[in-house]
Amino acid sequence: APSATSFSIYSKNSNMPPNQALPLSTLPAPFDAGCDKIRVAILGCGMMGQEHISYISGYPNLRIDYLCDPHEPSLTKSCKVLREFHDSSKSNILLPQLPELLQKEDDLLARAHHIDLLVIASPNFLHTDALMQWAQHDLTILVEKPVAVSREQYDELNRLNNDDAVAARIWVAMEYRYIPAIAKLLQLLPEIGDLKMVTIRENRYPFLHKIGDWNRDRAKTGDTLVEKCCHFWDLFRLITGKEVQTDKLQSMVQRGLNYKDEENQHDVPIIDSAYVLLPFEKEECNEHKTVQTIGCLELCMYAEGSRHQEEIIVTGTKGRLEAYLPENKVYFFQRPNHMEWTDRSEPPPPVSPVIYECSSVQDIHGIDMETESIPTHGGYHYSSTSVEWYYLLQAMEENAISGDWKPHVSLHDGLAAVHVGLQATQAIVNEK
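Residues numbered from 1 in each chain as written. Predicted model: local features only at pLDDT ≥ 70, side-chain atom pairs only at ≥ 80, totals over all residues. Heavy atoms only, no water.

A sheet is described by the order of its strands in space; here 8 strands give the open sequence β8-β9-β10-β7-β11-β12-β13-β14, paired in mixed fashion. Each of the sheet's edge strands pairs with one partner strand only, and the pair in question is β8 (250-255) and β14 (354-357). In this sheet, neighbouring strand axes are inclined to one another by 10 degrees on average, regardless of whether the strands run parallel or antiparallel. The pairing of strand β13 (residues 329-334) with β14 spans 4 bridges and is antiparallel. Considered in β14, the bridge of Lys329 is made with Glu357. Along the sheet, helix α7 (residues 180-188) contacts β11 (310-316), β12 (319-325), β13 and β14; its crossing angle with β12, the most-contacted strand, is approximately 170 degrees. (Pairing = 2+ DSSP bridges. Helix = DSSP H or I, 4+ residues; strand = E, 2+ residues; numbered from the N terminus. Axes fitted to C-alpha atoms, helices over the stretch in contact; angles between N-to-C directions. Contact = heavy atoms within 4.5 Å.)

In structure tokens form, the structure reads like this:
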């Protein structure tokens, strides 16, 4: 195993290191009970579980008591991440011991009464079963997207969502909402008038390898328009404030461009690229006919080296907003009025954009770092996971005082994103 010195505090733009194996017998014993902190358990210690661990380590009121994953290298790597990111300057103590390490979810369930906050970051197809079991317990759950990967799982969780007997407080992880440039775009929406068009484009590399290659199997992911695009369906709903008319979706996709050289092949490969057209529900207006808001998702997963990995372009009756990642900037263009563009037989005068630099997580989200300092190493999502934790902890504090649970992303929101993904997959027109 590599020495501890081969792991360093990661800069804003660096990636988390890969899993490293270390025998469990060499690890210390779990924490002692009795500490007055929020007791956290992580179910699923792969890439996303480790990102959550890295941010949890920066909050002095959180303590990870349990790590659960059947894959031993993921557990040992998670322990390394925990040690690396533990912020002794905030807690005023060094990390004394590591959490209890478990390889079976049933063993973690047996400890449910010792858990205040559960993070579900297991493979996607396991999220529904985990929610069905853990929702009966009086704790807070942060569950990664997608919450379901099939119509059957969707229906099962929909029934759970309507069950008043559910004891858990559920928050669905949609960290793209908190990416600084996207958050700034959301703040600027009133400037562009009536929103009429939304385009979200992602140009990226193929899916990374997961343990057992589960993310190459459509049955375990719901296919790419569910697995990868739940974030985007959530953003479409958040930006427009409207629901998608899912019965009128149209999709065109490509398959079989990536993963052809891998050992394990499936009869039908997962989607590599897509265009999806989205009409949104029309507003009721008795005075005049309104123009329907429309959207388009463009996904290309064989576009390594593209200038922008994500682009969000929102156009309204008075202007346009463009957010770009990893540039982390928002451009605001205001349409010229009749005074500025008098001769309509000629093109309009040049429009200079207002450019918003969005590199400061604290400034964009209004977080006072003097009193509310949050960990802001880059991770995989421009520190947005840290902001997600900031708001989650606020919601938990409010719930402890008032008894009200007000998640930014409810189970209903998570299911709505899955529903759009499932319908978009069903609405593929060039495979019929």
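Next comes the rest of the description.
Here we come to helix α6 (residues 151-161). Every α-helix winds through 3.6 residues per turn, so residues three or four apart in the chain are directed the same way. Within α6 the residues assigned to the buried category are Gln153, Tyr154, Leu157 and Leu160. Axial view of α6: buried residues confined to an arc of 120 degrees, hence all on one face. Those residues of α6 that are exposed and aimed more than 90 degrees away from the buried face are Glu152 and Arg159. Where the residues of α6 are buried, they touch α5 (127-134) and α13 (411-426). (Buried < 20%, exposed > 50% of the residue type's maximum accessible area, 1.4 Å probe, protein only. Arc of directions from axis to C-beta.)

The subject of this paragraph is the confidence of the model for the protein chain. Confidence in the prediction for the protein chain averages 88 pLDDT; 88% of positions are at 70 or higher. Here residues 1-33 is a poorly scored stretch, pLDDT under 50, and it has 75 contacts once near neighbours within four places are set aside; other chains count. (pLDDT = per-residue confidence, 0-100.)

All right, on to the pairing of strand β5 (residues 140-144) then. Among the 5 residues that make up β5, 5 are buried, leaving the element largely enclosed by the rest of the structure. With burial as the criterion, each face of β5 is covered, one bearing Thr140, Leu142 and Glu144 and the other bearing Ile141 and Val143. Two elements, strand β4 (residues 117-120) and β5, share 4 bridges in a ladder whose sense is parallel. Opposite Ile120, over in β5, you have Val143 as the bridge partner.

All right, on to the sheet that holds strand β3 (residues 100-102) then. By way of backbone hydrogen bonds, the strands of a sheet pair with one another, either parallel or antiparallel. The parallel open sheet is built from 6 strands, whose spatial order is β3-β2-β1-β4-β5-β6. One side of each edge strand has no neighbouring strand; the edge strands of this open sheet are β3 and β6 (169-173). Across the sheet, the mean angle separating the axes of adjacent strands is 25 degrees when strand polarity is ignored. In the packing of helix α2 (residues 72-85) onto the sheet, the strands contacted are β2 (62-68) and β3, and the crossing angle to β2 comes to about 165 degrees.

With 16 residues, α13 should reach 22 Å at 1.5 Å per residue; the first-to-last C-alpha distance of 22 Å fits that figure. Among the 16 residues in α13, 12 count as buried, and that is most of the element. Taken as a whole, α13 has its buried residues at Leu411, Asp413, Gly414, Leu415, Ala416, Ala417, Val418, Val420, Gly421, Leu422, Gln423 and Ala424. (Expected span 1.5 Å × (residues − 1).)

Here we come to a nonpolar patch on the surface. On the surface, Met252, Tyr275 and Val429 cluster together into a nonpolar patch covering about 290 Å² of accessible area. Tracing the backbone through its elements, the reader meets Met252 in strand β8. Look at Met252 and you get partly exposed, because its relative accessible area is 47%. (Patch = residues over 30% accessible without salt bridge, like charges linked within 9 Å, V, L, I, M, F, W, Y side chains within 5 Å. Areas by Shrake-Rupley, 256 points an atom, 1.4 Å probe, with all protein chains shown as cover. Salt bridge = Lys/Arg side-chain N within 4 Å of Asp/Glu carboxyl O.)

Turning to the pattern of salt bridges, a few remarks are in order. Within the structure shown, the criterion is met by 15 salt bridges. Glu202 is the partner of Lys228 in a salt bridge, and the nearest nitrogen-oxygen pair spans 3.1 Å. Taken as a pair, Lys228 in the loop between α9 (224-227) and α10 (230-240) and Glu202 in strand β7 (residues 195-203) lie far apart in primary sequence, 26 residues in all. Accessibility assignment for this pair places Lys228 and Glu202 in one class, buried. For the salt bridge of Arg237 with Asp413, the shortest nitrogen-to-oxygen distance reads 3.3 Å. On the criterion of sequence distance, the pair formed by Arg237 in helix α10 and Asp413 in helix α13 is long-range, its members being 176 residues apart. Comparing Arg237 with Asp413 shows no difference in burial state: the two are buried. It is possible to trace a salt-bridge network through shared partners that takes in Arg201, Glu298 and Glu311.

A few words now on unusual backbone geometry. The linkage connecting Lys145 with the following residue, Pro146, adopts the cis geometry, with an omega of -15 degrees. Here the bond from Leu325 into Pro326 is cis, since omega is 10 degrees, no more than 30 degrees from zero. One can find Pro326 in the loop between β12 and β13. The backbone phi angle of Tyr259 is positive, close to 70 degrees, even though this residue is not glycine.

Put simply, helix α1 (residues 47-56) and α2 touch, their axes get as near as 8 Å, and they point 25 degrees apart. With respect to each other, α1 and α2 are oriented roughly parallel. In terms of crossing hand, the pair formed by α1 and α2 is right-handed. Residues Gln50, Ile53 and Ser54 of α1 pack against Ser74, Lys77, Ser78, Val81, Leu82 and Phe85 of α2. Of the residues in the contact of α1 with α2, the class split is 4 nonpolar, 4 polar and 1 charged. (Parallel < 35°, antiparallel > 145°, perpendicular 65-115°, else oblique. Left-handed = near helix turned anticlockwise from the far one by under 90°. Nonpolar A, V, L, I, M, F, W, Y, C, P; charged D, E, K, R; others polar.)

Take the nonpolar core next. Counting residues in hydrophobic clusters, the biggest one holds 81 residues, and the most contacted among them are Leu108, Trp134, Ile141, Leu225 and Trp233. In terms of residue count, α13 provides more of this core than any other element does, 7 residues in total. In this structure, Leu67, Val81, Val387 and Tyr390 belong to the second largest nonpolar core, which totals 35 residues. (Core = buried A, V, L, I, M, F, W, Y, C linked by side-chain atoms within 4.5 Å.)

The next subject is the environment of Leu142. Looking at where Leu142 falls in the secondary structure, it is placed in strand β5. Overall, the relative accessible area of 1% leaves Leu142 in the buried class. In this structure, the C-alpha to C-alpha distance between Leu142 and Ile120, residues 22 residues apart in sequence, is 6.2 Å. Excluding anything up to four places from it in sequence, Leu142 contacts His52, Leu117, Leu118, Val119, Ile120, Trp171, Val172, Ala173, Glu388, Trp389 and Leu392.

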